[in-house]
Amino acid sequence: MHRFLVKLSSSSSPFSNQLRSLKNQRLILPLLPSSKPFTSSSVSPPPSPLNASNRFGYPYSADLFRNLSPLNPNSRILGVNGITSSRCISSEAVRESIEYDVLIVGAGPAGLSAAIRLKQLSQEKNIDLSVCVVEKGAEVGGHIISGNVFEPLALDELLPHWRQEHAPIEIPASSDKFWFLTKDRAFSLPSPFDNKGNYVISLSQLVRWLGGKAEELGTEIYPGFSASEVLFDASDKVVGIATKDMGISKDGSKKENFQPGVDIKGRVTLFAEGCRGSLSERIIKKYKLREEVNAQHQTYALGIKEVWEIDESKHNPGEVIHTLGWPLDPKTYGGSFLYHMNDRQVALGLVVALNYHNPFLNPYEEFQKLKHHPAIKGILEGGTVLQYGARTLNEGGFQSIPYPVFPGGAIIGCSAGFLNVPKIKGTHTAMKSGMLAAEAAFGALHEGLNMNTYWDNLRDSWVWKELYAARNYRPAFEYGLLPGLAISAMEHYVLKGKVPFTLKHGKADHEATDLARKWTPIVYPKPDGVLSFDVPTSLYRSNTNHDHDQPSHLRLRDPKIPEKVNFPEYAAPESRYCPARVYEYIEDEEGKPKLQINAQNCLHCKACDIKDPKQNIEWTVPEGGGGPAYSLM
Amino acid sequence: MPFLFDESSSPSFRSRNQNCLLLHLFCCSRPMKILVAVKRVVDYAVKIRVKPDKTGVETQNVKMSMNPFCEIALEEALRIKEAGFAKEVIAVSIGPSQCVDTLRTGLAMGADRGIHVETNSIFLPLTIAKILKSLADVENPGLIFLGKQAIDDDCNQTGQMVAALLGWPQATFASKVVLDKDKNVATVDREVDGGLETLNVDLPAVITTDLRLNQPRYASLPNIMKAKSKPIKKMTVQDLKVDIKSDIEILEVTEPPKRKSGVMVSSVDELIDKLKNEAHVV
């Protein structure tokens, strides 16, 4: 736990300053004679990928099996199992195993709603059910970031008395403004949104409250534990997860505070990791869950957000503003939001679809530009930034929903992808999916039913209706901004999704990036330190940190690709789309560019996992407890 | 060393062998407890800001954790217990109800029980020291471990004050602690400005821990589960009969003034002129 010798962004190369100033001018460095191979990356080769499918059960041996008396009626702790590990890290592999009826990975809206619903059913039917939620953030709510204008539909079903129970849902949306921005002006358009009955909230605060409710009902929630592997039994059924070993140093050796991870097993395992969940993605690939229902690939956007404390005179609690247009060009889908919360706080953010073509696009810098727009500047002037953060979100909608049930469990929330894109709301559908999965799990455990009832009930629910009606908005923008707007207007006022066809998504986000030679670098203005800031300053406001002495959690499937492909062909897009400056190219001793991964800065947004052109970057979980510490987001 | 000599001072126990035997007996029958004070502070990675009313730093909706130096102190106490020199490690925290979370973390690391002195007031080091002294009078520990300072106030006073109030020896800024159970002495390497100083302190003593003493362990999931059933005793300041009136009152908390950008000077004369007439430092 020695975390004092921390540098938020470390670059030790003597040429880094030169390079950085060059980078700021956004030139492609002509450093590479095409014939010479590059020196290998500074990133230490990742330990062999922890291939979950190698774990086929646990050989018991009598001398390793110890009986521990049950300490808590809700958790049945089994003895220590001997496991032959396929990992190169923990060779003595004596891991404890803990069993629950239901294991939920991720303490977000979906995961906690599932936990609460399970405990409610357990109380109603008087059947004891042990429920465990593991969360990689240091606190429940610490990794939660969202706009957020909250539609209480699912919460009304889950906890009908939330109004009397001090839920942090206090500011009703009072107005819906919609602006089309050009560089200097803002044109008011009729708002496609209707947020009457909705509330402007901090989702991080709401999730903390939900966590409290779940614990009151008897759920065991363990923040600070990242699920790094899925556990399978001999029949390839998911039986749980393994938490990540803690206390492993950068070179892979064990530090003095090494703590092996623990196997947490569930008779049903629900994955609620949020958008592009690392284990959920593996599950979807392994069981071919998209192919099973002919779903398209998921498409994503990157949202970058700040919470500001502004002047009292400019604050108008409940005001909801969305913008389109500037600073994004007509070919890049995205827009911004500005929501007035309570306590003089406003939530401000820019969402950029990740299927943009220009490899020089830097969503973070676009966001900084946005803040200088006269209409936005006017609101922010005189205020201070309280927090900063970023996260990807799903835009695939109906077309991209995979079959969410697999042997041993199900996927809920944004890990499956239930965000309603035209409404830009996913919290209510995530919560409802969690509730439906909980009901299916309860049925599967105690009533002899199948988890497939989750899928059936999902399709019978308002989630399905809503997503079906909203399915053609986003794909329409494949034809461009104006056609997209036109089709959206038609959908909104006339068609409402009642057409016999379903538009398809275009290329996958990582395939949409164009070659750098077709585009010119974008010169972004320098931050002024008042409205716009550089990445390290913003990053400091996310309270993100990881123990620096651990292997990088960002794995390169092929360590040569960054210097071979990303840098020369795409001008290193990861150094531009990452909102935390994790990826930096610095000059090595021979003057050649080398990728440096500042894993410590990571905001867990997953943009790199999505947007890397060769899908070479795999986002895996770092040691539990690391990452941002959002409280107002 | 109150627990050793109060019964052995009669002449019939003066032979050395018999003293040693008695020491062992006493050690076994009156096993050493270690008291560790842990403070709940704003997490070190969080960007802090001053409250608009300037009464302090904003702690609402801010991530709080155990003070890093307190973690080191607790780790050292646990290692001493695991080496067989102590039978019990007690974690103490003084503060609002959420201090229980900090204590639970301490229990999950391995402390045997916790004491929570509940208060919503902000106490300065002398008051904390008085509270810890009353607790030490009740618990009779052989060692009190504290972090050298808290990262919120950086006072670096509490450990020293506790030792003074108790009349016990102190070894602060410890970077290495070695116990000699037979002689009832701790040999402590201290990190001081000039380097390392090694002290022998007779037990009971107060030791405050510095960064390089150890690397605290992670609380494992099974230990976190076990910690739920470990007892935390709740007490109030009145129970301990401590006078909490402080002689110090915090008037105002403000951010440090923003650093002005540097200025390039063209000559030494200009530098001296600026140092004299603008910065007023020569």
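Worth saying up front: this structure is predicted, and the values here are computed from it rather than measured.

(A) Looking closely at the side chain of Asp509 of chain A. All names here are of chain A. Here Asp509 is to be found in helix α14 (residues 509–512). Although buried, Asp509 forms no salt bridge, and the nearest oppositely charged side chain, Arg474, lies 6.0 Å from it. Polar contacts involving the side chain of Asp509 include one to the main-chain amide nitrogen of Tyr300, which spans 2.8 Å. When neighbours within four sequence positions are excluded, Asp509 is seen to be in contact with Thr299, Tyr300, Leu354, Asn355, Ile610 and Lys611.

(B) Just the UniProt feature "domain: Electron transfer flavoprotein alpha/beta-subunit N-terminal" (unreviewed entry) in chain B, in detail. Per the UniProt record, "domain: Electron transfer flavoprotein alpha/beta-subunit N-terminal" (unreviewed entry) is annotated on residues 54–244 of chain B. For residues 54–244 of chain B, the helix share is 32%, the strand share is 30%, and the end-to-end C-alpha distance is 23 Å.

(C) Broad picture of the pattern of salt bridges. Per the counting criterion, the structure on display carries 47 salt bridges over all chains. With a closest N to O distance of 4.0 Å, Arg276 of chain A and Glu281 of chain A form a salt bridge. Glu281 of chain A matches Arg276 of chain A in its accessibility class, with the two residues each being buried. For Arg113 of chain B, the salt bridge is made with Glu88 of chain B, and the minimal N-O distance between the two is 2.7 Å. With a gap of 25 residues between them, Arg113 of chain B in strand β5 (residues 113–118) and Glu88 of chain B in strand β4 (residues 88–95) connect regions that are remote in the sequence. Accessibility assignment for this pair places Arg113 of chain B and Glu88 of chain B in one class, buried.

(D) Helix α9 (residues 427–446) of chain A, seen in detail. Residue and element names in this part refer to chain A. When the terminal C-alpha atoms of α9 are compared, their 28 Å separation across 20 residues agrees well with the 28 Å that a helix rising 1.5 Å per residue should span. Most of α9 sits inside the fold, with 17 of its 20 residues counted as buried. Following α9 by one or two positions, Gly448 adopts a phi angle in the positive range, close to 70°.

(E) Region of interest: unusual backbone geometry. All names here are of chain A. Residue Asn148 is reached from Gly147 by a cis peptide bond, and omega for that bond is 0°. Locating Asn148 in the fold gives a position in the loop between β3 (131–135) and β4 (149–150). With an omega dihedral of 10°, the bond running from Trp326 to Pro327 counts as a cis peptide bond. Tracing the chain through its elements places Pro327 in the loop between β16 (319–325) and β17 (334–340). Even without being glycine, His604 reaches a positive phi, approximately 65°. As for its placement among the helices and strands, His604 is situated in the loop between β24 (593–597) and α18 (607–611).

(F) Seen up close, the nonpolar core. All names here are of chain A. Core analysis: the largest hydrophobic core is formed by 86 residues, its most contacted members being Ile104, Leu270 and Tyr454. With 10 residues, α9 is the single largest residue contributor to this core. With 83 residues, the next largest nonpolar core counts Ile310, Ala572, Tyr583 and Ile617 among its residues.

(G) A look at the interface of chain B and chain A. Of the residues lining the interface, 27 residues belong to chain B; the matching set on chain A comes to 36 residues. Linking chain B to chain A there are three salt bridges. Two residues, Glu309 of chain A and Arg49 of chain B, come together in a salt bridge whose shortest N-O distance is 3.4 Å. In this structure, the connection of chain B to chain A is made through 11 residue pairs in polar contact (both at pLDDT 80 or more). Elements that contribute at least two residues to the side of chain B that touches chain A include exactly α3 (68–82) and α7 (221–227) of chain B. No other element matches α7 of chain B, which puts five residues into the side of chain B that touches chain A.

(H) Up close: the sheet that holds strand β8 (residues 199–200) of chain A. Spatial ordering of the open sheet is given by β4-β8-β5 (chain A), a layout of three strands whose pairing is antiparallel. Every interior strand has two partners, whereas the edge strands, β4 and β5 (171–172) of chain A, have only one.

(I) Layout of the confidence of the model for chain B. All names here are of chain B. Averaged over all residues, the pLDDT of chain B equals 89, while 89% of them reach at least 70. Below pLDDT 50 for its whole length, residues 1–9 participates in 16 contacts with residues either more than four positions away or in separate chains. Under a pLDDT of 50 for its full length, residues 25–29 has, in the predicted model, six contacts with residues more than four places off or in other chains. Overall fold confidence for the complex sits at a pTM of 0.85, while the interface term, ipTM, reaches 0.83.

(J) Expanded view of a nonpolar patch on the surface. Among the surface-exposed residues, Val263, Val265, Leu271, Leu275, Val281 and Val282 of chain B lie close enough to one another that they form a single nonpolar patch of about 500 Å² accessible area. With respect to the element layout, Leu271 of chain B can be found in helix α9 (residues 268–277).

(K) Quick peek at the side chain of Asp547 of chain A. Tracing the backbone shows Asp547 of chain A in the loop between α15 (535–540) and β22 (554–556). There is a polar contact of 3.5 Å between the side chain of Asp547 of chain A and the side chain of Lys255 of chain A.

(L) Representation of the packing of helix α2 (residues 109–124) of chain A against helix α4 (residues 203–216) of chain A in the model. Residue and element names in this part refer to chain A. In contact at an axis separation of 9 Å, α2 and α4 are set at 20° when each is read in the N-to-C sense. The orientation of α2 relative to α4 falls into the category roughly parallel. In terms of crossing hand, the pair formed by α2 and α4 is left-handed. Residues Pro109, Leu112 and Ile116 of α2 lie in contact with α4, whose contacting residues are Leu203, Val207, Leu210, Gly211, Lys213 and Ala214. Of the residues belonging to the contact of α2 with α4, the class tally is seven nonpolar, one polar and one charged.

(M) Structural context of the sheet that holds strand β15 (residues 300–309) of chain A. Residues and elements named next belong to chain A. Reading across the sheet, the seven strands line up as β7-β6-β16-β17-β18-β15-β19 and stay open at both edges, with mixed pairing between neighbours. Looking along the sheet, the strands with just one partner apiece sit at the ends: β7 (186–189) and β19 (384–394). Within this sheet the neighbouring strands show an average axis-to-axis angle of 20°, counted without direction.

The rules we used
Residues numbered from 1 in each chain as written. Chains lettered and ligands numbered in written order. Predicted model: local features only at pLDDT ≥ 70, side-chain atom pairs only at ≥ 80, totals over all residues. Heavy atoms only, no water. Helix = DSSP H or I, 4+ residues; strand = E, 2+ residues; numbered from the N terminus. Buried < 20%, exposed > 50% of the residue type's maximum accessible area, 1.4 Å probe, protein only. Lys, Arg positive; Asp, Glu negative; His and termini not counted. Salt bridge = Lys/Arg side-chain N within 4 Å of Asp/Glu carboxyl O. Polar contact = N/O pair within 3.5 Å; in protein donor to acceptor, adjacent residues only side chain to side chain. Contact = heavy atoms within 4.5 Å. UniProt positions renumbered as here; feature names shortened; annotations may be inferred. Expected span 1.5 Å × (residues − 1). Core = buried A, V, L, I, M, F, W, Y, C linked by side-chain atoms within 4.5 Å. Pairing = 2+ DSSP bridges. pLDDT = per-residue confidence, 0-100. Patch = residues over 30% accessible without salt bridge, like charges linked within 9 Å, V, L, I, M, F, W, Y side chains within 5 Å. Areas by Shrake-Rupley, 256 points an atom, 1.4 Å probe, with all protein chains shown as cover. Axes fitted to C-alpha atoms, helices over the stretch in contact; angles between N-to-C directions. Parallel < 35°, antiparallel > 145°, perpendicular 65-115°, else oblique. Left-handed = near helix turned anticlockwise from the far one by under 90°. Nonpolar A, V, L, I, M, F, W, Y, C, P; charged D, E, K, R; others polar.

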